[in-house]
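One letter stands for each residue in the lines below.
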Amino acid sequence: MSRAGARAIALAALAAVAVACGPAAQILPPELRHVVALPRFDNSIQFAVIGDTGTGNLPQYQVAERMVEARENFPFEFVIMLGDNLYGLERPVDYERKFAVPYAKLLDEKVEFYASLGNHDNPNQRFYENFHMGGERYYAFSKGPARFFALDSNYMTEEQVAWLIRELKATRQPWKIAFFHHPLYSSGGFHGSSLGLRERLEPIFVKYGVRVVFSGHEHFYERIKPQHGVYYFIAGGSARLRRNDINSDELTAAGFDTDNSFMLVEIEDDELYFETISRTGELVESGEIARSDEKAPETGTTEQLAPAKRGQSGTGAKERPAPARGAASGS
Amino acid sequence: MKCPFALSKRGAAAAVWISWLMLAGAPTRAFAAAPAPLQGAVAKQFVQRTRSYGELRKSAVAGLPKLVETPSPVEISAREKAVAEAIRARRAGAKRGDVFGDAGPAIQALVRADWSQRPSAERKAAWAELPPVSAPAVNAPYPPTLPLATFPPELLTLLPQLPKSMEYRFAGPHLILRDVDANLVVDVLPDVLPGPGPAGATPRLGQDAGK
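Every value quoted in this text rests on a predicted model; they were computed, and no experiment measured them.

**Thoughts on the confidence of the model for chain A**
Fine structural detail should not be taken from predicted coordinates in areas where pLDDT scores are low.
Residues and elements named next belong to chain A.
Logical step 1: Predicted confidence across chain A gives a mean pLDDT of 85, with 82% of residues reaching 70 or more.
Logical step 2: Contacts from residues 13-21, a stretch scored under 50 in pLDDT, to residues over four places away or in other chains number one contact.
Logical step 3: Low confidence marks residues 295-331, where pLDDT is under 50. Its contacts with residues over four positions away, or in another chain, come to 81 contacts.

Below is the structure:
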């Protein structure tokens, strides 16, 4: 074979690989990036959700930049982390490169990070002050009308289960929100649903009124159709990405697996509003959830979504109706 | 004409019973009897050995400052190393089987019974998480770049409870006892999990490390 022929074959092979892997999309110019359109009520709590972040690589930094930008219009006070906070080695330099540096601007502005442990996390992270774990592998904290339960889904002991039940029983806040690494429901081809964990936790969530659950582990965004009255989100694509891994099935309400993303959430009184934003600055979807099915607004709940885009799967191709309580539409 | 495969009443009843028995024996949680928790003298002695380890550990780290929340990862890392070194020094002669002891075969049987009842999707997901390692050495650190695979919650309810400083973990097919704060391998029960299992549960260990 001639040298030119060999080069042509090599180029064709490279092109095929590039097409298969999909080049990283460009960050949108500032004027085209989504501007957060959550309601921003006076007494609401506002937070961000990120998962599977601790790579120290470019996408993590880019998502962090979008978070900083989002905060200009939506000054969230804290961030919940869904595990895999530090991949690989956990030397002091790794805490810097994979956490403190990418989120430096948010830390400087006193944004608090509340971490849960993933399967890549050494449990000694619980002593890291910036993760607000209080030296515990699982813990709870309150913000306004919500109580958050950070669980260690890697090691679900009877002791932890008993603690969770005790805490849920004692909770006076109307919103009960759990977050942990492994999703009870997932349409991911690589991992899928954590069945053993579901068997253990779901009856507790249902019985004690946990309304919303955030998990990571799968490196994409997925909103699951409500299961027994509980809304499950997967937001594990805030640094790593498992492209085209969602096998949309009867579980999937909406999904996004072609780029990294993070979530913004606002809770006011009986309603929770959310937006999911991509690394490039696009709105992935937005919606709202009522605290209980009985109190669901007439306009519906999370079925009010932006039309599905390329790389998304979703049930939400409906026009978003006039939002309840004056909430601005982000669609 | 009479069908050559027609069954007598007794034959039909037998067929129904055989079908039912086959279903009952299928490896699904819905039909198979759940394994019983490990109990008895062997379990008690194992628990006693884990408590002895807990006591040894307590005295080994007694001189070290207690770790509280800190903004300094340097402190976290230094504390982990100090705890590991103190324990290692006290257990310098420790060898495989010191803690599992004669409970090893019973624990292996229990783990395998639990594993065999898991749906293939669950087994596949578990293999996808298990890091591909040969059995680690006692007193060695748990390899810091390998994930700590999720431990099946139902299995935890069947195994004897450990002191808070210690946990069960799978490293590949091996069951280990891991000191949490020291990130140290306390004991190893090699090859507890059976091989890749039936079709659909094939491990993708080489590809999945670090995912």
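Picking up after the structure, the text goes on.
**Section: the pairing of strand β4 (residues 139-143) of chain A**
Residues and elements named next belong to chain A.
Logical step 1: The pairing of β4 with strand β5 (residues 146-150) spans five bridges and is antiparallel. The partner of Ala-140 across the bridge, within β5, is Phe-149.
Logical step 2: Hairpin geometry of β4 and β5 is characterised by an intervening segment of two residues between the two adjacent antiparallel strands and by a positive phi of about 55° at Gly-144.

**A word on unusual backbone geometry**
All names here are of chain A.
Logical step 1: Phi at Asp-84 takes a positive value of approximately 55°, unusual for a residue other than glycine.
Logical step 2: With 28 C-beta atoms packed within 10 Å, Asp-84 lands in the buried category.
Logical step 3: Of note in this structure, His-217 is not a glycine but carries a positive phi near 75°.
Logical step 4: On the secondary structure map, His-217 appears in the loop between β7 (212-215) and β8 (221-224).
Logical step 5: Residue classification places His-217 among the buried residues on the basis of 28 C-beta atoms within 10 Å.

**Considerations on the packing of helix α5 (residues 158-170) of chain A against helix α6 (residues 195-208) of chain A**
Residues and elements named next belong to chain A.
Logical step 1: With their axes 10 Å apart at the nearest point, α5 and α6 run at an angle of 10° to one another. By the angle between their axes, α5 is roughly parallel relative to α6. For the pair formed by α5 and α6, the contact residues are Val-161, Leu-164, Ile-165, Leu-168 and Lys-169 on the first element and Arg-200, Ile-204 and Tyr-208 on the second.
Logical step 2: Of the residues that constitute the contact of α5 with α6, the class distribution is six nonpolar, no polar and two charged.

**Some remarks on the nonpolar core**
Logical step 1: By size, the foremost hydrophobic cluster in this structure holds 117 residues, and its most contacted members are Ala-48, Val-49, Phe-179, Val-213, Ala-235 and Leu-264 of chain A.
Logical step 2: Residue contacts for Ala-235 of chain A: discarding those within four places in its chain leaves Val-49, Ile-50, Gly-51, Leu-82, Phe-214, Gly-216, Tyr-221, Phe-262 and Met-263 of chain A.

**A few points about the pairing of strand β6 (residues 175-180) of chain A**
Residue and element names in this part refer to chain A.
Logical step 1: Burial of β6 is extensive: six of the six residues sit out of reach of the surface.
Logical step 2: Residues Trp-175, Ile-177 and Phe-179 of β6 are buried on one face, and the alternating residues Lys-176, Ala-178 and Phe-180, pointing to the opposite face, are buried as well.
Logical step 3: Bridging between β5 and β6 involves five bridges; their strand directions are parallel. The residue bridging Phe-149 from the neighbouring strand is Ala-178, located in β6.
Logical step 4: In this region the chain leaves β5, passes through α5 and returns to the parallel neighbour β6; the handedness of that crossover is right-handed.

About the criteria used
Residue positions are counted from 1 within each chain, in the order its sequence is given. As a convention, the first chain written is A and the first ligand written is 1, with the rest following in written order. Note on the predicted model: pLDDT of at least 70 is required for a residue's local features to be given, and 80 or more for side-chain atom pairs to be given and counted; whole-chain, interface and lining totals, by contrast, use all residues. The quantity known as pLDDT measures the predictor's confidence residue by residue, on a range of 0 to 100. We call two residues in contact when the distance between their C-beta atoms, placed using the backbone, is within 7 Å. A pair of strands counts as paired when DSSP detects no fewer than two bridges linking them. Strands are runs of DSSP state E lasting at least 2 residues, helices are runs of H or I lasting at least 4, and numbering of each runs from the N terminus. Burial in this document is a count-based property: other C-beta atoms within 10 Å of a residue's C-beta are tallied, and the residue is buried at 20 or more, exposed at 12 or fewer, or partly exposed in between, with C-beta positions derived from the backbone. In this analysis, axes come from line fits to C-alpha atoms, helices being fitted only over the stretch in contact, and the angle between any two N-to-C directions falls in the range 0 to 180 degrees. Working rule for angles: under 35 degrees goes down as roughly parallel, over 145 as roughly antiparallel, 65 to 115 as roughly perpendicular, anything else as oblique. Residues are sorted three ways: Asp, Glu, Lys and Arg are charged, Ala, Val, Leu, Ile, Met, Phe, Trp, Tyr, Cys and Pro are nonpolar, and all the rest, Gly among them, are polar. A set of buried residues drawn from Ala, Val, Leu, Ile, Met, Phe, Trp, Tyr and Cys, joined through C-beta atoms within 7 Å, is what defines a nonpolar core. Clockwise travel from the first strand over the helix to the second, with the strands pointing away from the viewer, marks a crossover as right-handed.

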